[in-house]
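What follows is each chain in one-letter form.
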Amino acid sequence: QVQLVESGGGLVQAGGSLRLSCAASGRTFSSYAMGWFRQTPGKEREFVARITNSGGHTYYSDSVKGRFTISRDNAKNTVYLQMNSLKPDDAAVYYCAADTSSGWGTSAAADFGSWGQGTQITVSS
């Protein structure tokens, strides 16, 4: 089992930037894919970005491509989400997730077996 702890959420003005961090423990971090998802009240959890176990491949939803960057530091057991040019529509609870069954991962929330507690992002217009 993997334990995930997110940090870095908060309030930001539209056009601003934030960086989320997610620290993992419990299994060899470099062996599994990681992802970021977000959720707003009444909606399904939405894929944001994912990164393969080595960090060599990254994938993004169309809504964040070009503005968000996912990265990982396997020496620190941490995955990051750099969010730039934030929009009010980006406001949500953001979750990091681990797909411990795969080093490649997918974009489906159901394939991620471990989740962080979530961190709130609020974007003021």
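Please refer to the structure placed before this passage.
Starting afresh in each chain, residues are numbered from 1 along the sequence in its written order. Reporting of local features is limited, given that this is a predicted model, to residues whose pLDDT is at least 70; pairs of side-chain atoms are given and counted only at 80 or more, and all residues count toward the totals for whole chains, interfaces and linings. Water and hydrogen atoms play no part in the side-chain values, which are based on all heavy atoms of the structure.

Topic: the state of the cysteines
Applicable threshold: Two cysteine sulfurs form a disulfide in these notes if their separation is within 2.5 Å. Helix and strand assignments come from DSSP, with helices taken as H or I runs of at least 4 residues and strands as E runs of at least 2, each series counted from the N terminus. Each residue gets one of three labels from its accessible area relative to the maximum for its type: buried under 20%, exposed over 50%, partly exposed in between, using a 1.4 Å probe on protein chains only.
Tallied over the entire structure, the rule returns one disulfide. Here Cys-22 is linked by a disulfide to Cys-96, with a sulfur-sulfur distance of 2.0 Å. Here the disulfide of Cys-22 and Cys-96 is right-handed, its torsion about the S-S bond being about 50 degrees. Placement of the pair is Cys-22 in strand β3 (residues 18-25) and Cys-96 in strand β9 (residues 92-99), with a sequence separation of 74 residues. Side by side, Cys-22 and Cys-96 carry an identical accessibility label, which is buried.

Side note on the environment of Leu-20
Rule in force here: A contact between two residues is defined here by any heavy atoms of the two lying within 4.5 Å.
Within the element layout of this structure, Leu-20 appears in strand β3. When the C-alpha positions of Leu-20 and Thr-52 are compared, they lie 18 Å apart, and in sequence the two are 32 residues distant. Once residues within four sequence positions are removed from consideration, Leu-20 is found in contact with Ser-7, Gly-8, Gly-9, Trp-36, Val-79, Tyr-80, Leu-81, Met-83, Tyr-94, Thr-119 and Ile-121.

Looking at unusual backbone geometry
Not every positive phi belongs to a glycine, and Asn-77 is a case in point at roughly 55 degrees. Inspection of the secondary structure puts Asn-77 in the loop between β7 (68-73) and β8 (78-83). Positioned with a positive phi, Ser-85 is a non-glycine residue whose angle comes to about 50 degrees. Looking at where Ser-85 falls in the secondary structure, it is placed in the loop between β8 and β9. When its relative accessible area of 42% is taken as the criterion, Ser-85 is described as partly exposed.

Side note on the packing of aromatic side chains
Rules: Only Phe, Tyr and Trp rings are paired, with Trp represented by its six-membered ring, and only when their centres lie within 6.5 Å; those with planes under 30 degrees apart are stacked, over 60 edge-to-face, the remainder tilted. By definition here, charges over rings are those cases where NZ of Lys or CZ of Arg is within 6 Å of the ring centre and within 35 degrees of the ring normal.
Enumeration over the complete set of coordinates arrives at seven aromatic pairs. For the ring pair Phe-29 and Tyr-32, a centre distance of 5.7 Å and an interplane angle of 85 degrees mean the geometry is edge-to-face. For the residue pair Phe-29 and Tyr-32, the accessibility class agrees, reading buried in each case. Three or more aromatic residues joined by ring pairs form one cluster here, namely Phe-37, Phe-47, Tyr-95, Phe-112 and Trp-115. Here Arg-50 stacks its cationic end above the ring of Tyr-59, 3.9 Å away from the centre of that ring.

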